[in-house]
Amino acid sequence: RISIREDFTTHTWDMYASNSVSSTELELIQADLDFIDNTIDNFTGFDIYSGNSTSYLEYVKGYSDSSVSPSHVQRVLGDSADLVITVNTNGNTAEGITGNGYPMVPVTDYTSNEAGNVFTILNTYSNLQSAGTLNLVFEMSDGANPTTVVDIIAIRAEHTSLGYMPNLAVSQTLTITNTFEYSDSKTLNILNMSNSLPANWEIDTNSFSCSDAGAVGAIVSNEYGNQISFTTLPTENPVTFTYDVIIPASETGTNEIYSTIIYRFVGDNNPTEYPMQPDPLEIKPATMIRVEDEANGSGDVVAAQSVTAGSSITVYSIARDEDTNFVALVTDATWTMENVTPDVEQSDLVDNDNGSATFTGHLVGSGNIQAAFGDPALTPVQSGLITVTPADADKDQTTITADPVSTNVGGTSAITVQLKDAYGNDITETGTNAVTLSATGGTIGAVTTNLDGTFTATFTGGTTPATAVISGELNGVAIETRRKWN
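Residues numbered from 1 in each chain as written. Predicted model: local features only at pLDDT ≥ 70, side-chain atom pairs only at ≥ 80, totals over all residues. Heavy atoms only, no water.

(A) Spotlight on the nonpolar core. Formed by 33 residues in total, the largest nonpolar core has its most connected members in I155, F180, Y243, I261 and Y263. Of all the secondary-structure elements, those providing two or more residues to this core are β14 (172-181), β15 (188-196), β19 (225-232), β20 (239-247), β21 (255-265) and β23 (281-283). The leading source of residues in this core is β20, at five residues. V344, I369, A371 and A391 belong to the second-largest nonpolar core, a separate cluster that totals 26 residues. (Core = buried A, V, L, I, M, F, W, Y, C linked by side-chain atoms within 4.5 Å. Buried < 20%, exposed > 50% of the residue type's maximum accessible area, 1.4 Å probe, protein only. Helix = DSSP H or I, 4+ residues; strand = E, 2+ residues; numbered from the N terminus.)

Laid out in structure tokens, this is it:
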């Protein structure tokens, strides 16, 4: 015999069993029957054994379990698509969702339709997860709570390339670099990549290379387009592989390459296709040529600066697209000095015939360095203003002058020492330089040190006619220029 009785202490309905209809010895076999409404407090007359019941039978609740679709799905971290899950409620109500045991927040983490049976898991939520398994449990009002198991896979599928030089009379080769990275918990079973190229562009079928020396791959043309197929899978993770694209002559404008990585992991039923990012890869033409401070495009436009006479700077002709992305080092650019003052000359700038030029300061002055290329020409971006400044004072170029150059017995003359560097540039800041003077045929007064690169003194002639000689020392070394006069 089976009986259902109410426990007035816990206010629950419990199920008991006995070995016969007349036995008074009952054994509890199920407490808190969840198919009976606990608000019912009188269940007299319902006897499962005899099948007899009163009108109270209407309070016995029945239910069916809910289900979800899909119940198992694979998702790549970074995917911008939302995950849509349909719940077959079977008359129950979905009251919430937990993700790996943590309650999810409506609107922030997911949304649902008005009927409460279609749930959209927002990509902003799923992309916050780590690689592994995400259990999405739908908390139902009755019955079992159905679960969607999400395999979160960390995949990085990227392809990158430089731009190209427009309007070239010959074809040019461009290297496309591809990177594929996945969760360490996964083992590759298939790895291919298909490519869709602009019209008249071709893949060099002999250009495939891979960072994993043990991997074997090839470029083939089939119904999927130009496909890279691995016959021996790489074990390196991440793995990088490249191929070359041949761009036809006279190409212009922005072009697009679409690529899809096709992979399958051990345990997967079918391969998965995933677009390489960005999708598509834009190949843009160079629009400008800039004078920069690094050959590999990692630098910037050469800034305004001073170059000491005798010193040099090396600059590079860098082509960039409209977004200033690096395109190429232009090895056959034409180099010029622009906006020059008279003493800076074109010969100060030497083309090294390798995409670089060297400017060497000689005479004081200034100018901008410019590189030019293309027909029509790329827009030139000049260097900042390059200003040549004097070098250190030089004893061979420093001058001694007298005014006047002839005087009477006992007369005076103003002596001036002008500091000059080895290139003959006047030094305009005296700094720590020191000058001493001596004379024959008369006497030299005290030497005055000026701040503008000059030293002055007064010569007084002797009492008899003579040829006076003024000599000097710069920082203790004889100045080669001497002044003689009668």
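Don't stop here, the text continues.
(B) Broad picture of the sheet that holds strand β8 (residues 102-103). The mixed open sheet is built from five strands, whose spatial order is β5-β12-β11-β7-β8. Unpaired on one side and paired on the other, β5 (72-76) and β8 mark the two borders of the sheet. Bridge count for strand β11 (residues 132-140) against strand β12 (residues 147-153) is six bridges, and the pairing is antiparallel. Bridging across to β12, L134 finds its partner in V150. (Pairing = 2+ DSSP bridges.)

(C) Focus on the side chain of T148. Tracing the chain through its elements places T148 in strand β12. For T148, a relative accessible area of 0% translates into the label buried. Of the polar contacts made by the side chain of T148, one reaches the backbone oxygen of P70; its length is 2.8 Å. Each residue touching T148, except ones within four places of it in the same chain, is listed here: V68, P70, S71, V73, I85, L134, N135, L136 and F138. (Polar contact = N/O pair within 3.5 Å; in protein donor to acceptor, adjacent residues only side chain to side chain. Contact = heavy atoms within 4.5 Å.)

(D) Representation of the pairing of strand β7 (residues 94-99). Counting buried residues along β7, five of its six residues qualify, which places the element largely inside the surrounding structure. In terms of strand pairing, β7 meets β11 through five bridges, oriented antiparallel. By the bridge assignment, A94 is partnered in β11 with M140. For β7 and β8, the ladder comprises two bridges, and the chain directions are antiparallel. Bridge pairing links G99 to Y102 in β8. From the end of β7 to the start of β8, which pair antiparallel, there are two residues, and N100 there has a positive phi angle of about 50°.

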